Amino acid sequence: RVAQSLRSGSRVAAPIAGALRNSFTVVQEATPRLNRCELYVPGTQAKIIPKAAKSAADVVVMDLEDSVAIGEKEVARKNVIQALKEVDFGNKTVAVRINGLYSHHMYRDVVDIIEQAGERCDVFIIPMVGVDKDVYMADALVSQVETAVGRKKKLGFGLIIEATMGMMNVHEIAAASKRNESLHFGVADYSASTKSRTTNIGGPNKLYGVLTDKDGDKPRDFVWGDPWHYAMSRIVVAARANGLRPVDGPFGDIADPDGYRAQCNRGAALGMEGKWAIHPSQVAIANEVFSPGEAEVTQARRVLEAMEKAQREGLGAVSLDGKLVDIASIKQAEAIVKKAEAIAA
Ligand code: GLV
Ligand code: MG
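Residues numbered from 1 in each chain as written. Chains lettered and ligands numbered in written order. Predicted model: local features only at pLDDT ≥ 70, side-chain atom pairs only at ≥ 80, totals over all residues. Heavy atoms only, no water.

Undergrad: Can you lay out the state of the cysteines for me, pointing to particular residues and giving the numbers?
TA: Within the structure shown, the criterion is met by 0 disulfides. Looking at the unpaired Cys-37, the closest cysteine sulfur is the one in Cys-264, lying at 7.7 Å. Given the relative accessible area of 0%, Cys-37 is considered buried. You can call Cys-264 buried: its relative accessible area is 0%. (Disulfide = S-S within 2.5 Å. Buried < 20%, exposed > 50% of the residue type's maximum accessible area, 1.4 Å probe, protein only.)

Undergrad: Kindly report on the nonpolar core, identifying the contributing residues and their values.
TA: Nonpolar side chains in soluble globular proteins tend to end up buried together. Core analysis: the biggest nonpolar cluster contains 67 residues, and Met-62, Leu-84, Val-96, Val-110, Phe-124, Leu-183 and Phe-185 have the highest contact counts within it. In terms of residues, this core owes the most to one element, helix H9 (residues 229–241), which gives 6 residues. In this structure, Val-96 is in contact with Val-61, Met-62, Leu-64, Val-80, Leu-84, Ile-113, Cys-121, Val-123, Phe-124 and Ile-125, ignoring residues within four places of it in sequence. (Core = buried A, V, L, I, M, F, W, Y, C linked by side-chain atoms within 4.5 Å. Helix = DSSP H or I, 4+ residues; strand = E, 2+ residues; numbered from the N terminus. Contact = heavy atoms within 4.5 Å.)

Undergrad: Could you give an account of the confidence of the model for the chain, with specific residues and numbers?
TA: For the chain, the mean per-residue pLDDT works out to 92, and 94% of the residues sit at or above 70. A low-confidence stretch, residues 1–15 (pLDDT under 50), is modelled with 32 contacts involving residues beyond four sequence positions or located in other chains. As scored by the predictor, the complex reaches a pTM of 0.91 and an ipTM of 0.99. (pLDDT = per-residue confidence, 0-100.)

Undergrad: Tell me about the pairing of strand E12 (residues 274–277), and name the residues and values.
TA: One ladder, built from 3 bridges, connects strand E3 (residues 37–42) with E12; its direction is parallel. Looking across to E12, one finds that Leu-39 is bridged to Ala-277. Where strand E11 (residues 245–248) and E12 come together, 2 bridges link them in parallel fashion. Residue pairing across strands places Val-247 opposite Gly-274, the latter belonging to E12. For the handedness criterion, the β-α-β arrangement of E11, helix H10 (residues 257–270) and E12 is classed as right-handed. (Pairing = 2+ DSSP bridges. Right-handed = clockwise from strand over helix to strand, strands pointing away.)

Undergrad: Please give an account of the site of ligand 1 that cites residues and values.
TA: Taken together, Arg-97, Glu-162, Gly-186, Val-187, Ala-188, Asp-189, Pro-250 and Trp-276 are the residues near ligand 1. One of the side-chain nitrogen or oxygen atoms of Arg-97 is found 2.9 Å away from an oxygen atom of ligand 1. Taking Ala-188, its main chain carries an N or O atom lying 2.8 Å from an oxygen atom of ligand 1. When ligand 1 is considered free in solution it has 190 Å² of accessible area, and contact with the protein chains removes 93% of it. Here ligand 1 is seated within the second largest pocket. Looking at the shell around ligand 1, the element that brings in the most residues is helix H8 (residues 187–194), giving 3 residues. (Near = heavy atom within 4 Å. Polar contact = N/O pair within 3.5 Å; in protein donor to acceptor, adjacent residues only side chain to side chain. Areas by Shrake-Rupley, 256 points an atom, 1.4 Å probe, with all protein chains shown as cover. 1 Å grid on protein atoms, 1.4 Å probe; cavity = no way out; pocket = protein on both sides within 12 Å on 5 of 7 lines; lining within 4 Å. Sits in = over half its atoms within 2 Å of the grid points.)

Structure representation (structure tokens):
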């Protein structure tokens, strides 16, 4: 995905000089999609799928993996194929979480969906990716079936990083296929894989923190830490370095909207593009948090105006409301404006 390219000519096209500054290696962005919230529906729940299609989630994921019991795999696959043919998903991104490469259900998911379900599916979410060759194998299989049926729209891949092996190899995995669009943090399986002590899927642990120093000059305080910070940051870096969207995974306590909102906020602060919803009540919260607010968009437009003016005057940096803005601020401001425009479209 990361393509080598000569930089000189392309710089001229930049709306503001400097906005496309990069390494000599230019990162190509994956197919752009809104990805603020991914609503998961078990493939067994045929009646719920049309409801999910009417929700406000940007992405609906019909699941054939862990929310489906082994004995239900065939019926879930049939439901999903029927939904792909019959349900009106509007302009949503439609995804299917297929079974992982560890299971013989995987090849059957790929073959049957591509052969029988038309072209409405946009993305396969692949669980338990451990090495780049997992993606290579899935790409080869999907390519064969797509070619055999003459499919016009190429399926994209969302890859779940949810075990220590995948976390180790995340950079190679992110670069492994042109189909790759997003990396997802599967925190539930990841906790199992690291043998960490989790109390609620994707939530904090009250024992994970520091007690401030006993020799300090202030009263001692226990400060909670975020046990997922490293894993999330690692995924954000690997995804963004390869032009993919990093997406935070599930939060298990559906009766705790405040906890979910807090997890959304810290994901957004780190650079995550969105978060999974495992219950419809989580959708509005993710949409709100992962949409740039009005004030943020106004400020981004002001930064762009200030930098345009600065560059007309031959300056590289200026002060806006007493704070430095420079060429590096342009990219961030442009990303905010672009996202707001995509949401409004
Ligand atoms: C998702 O699949 C997870 O394990 O969190
Ligand atoms: Mg999982």
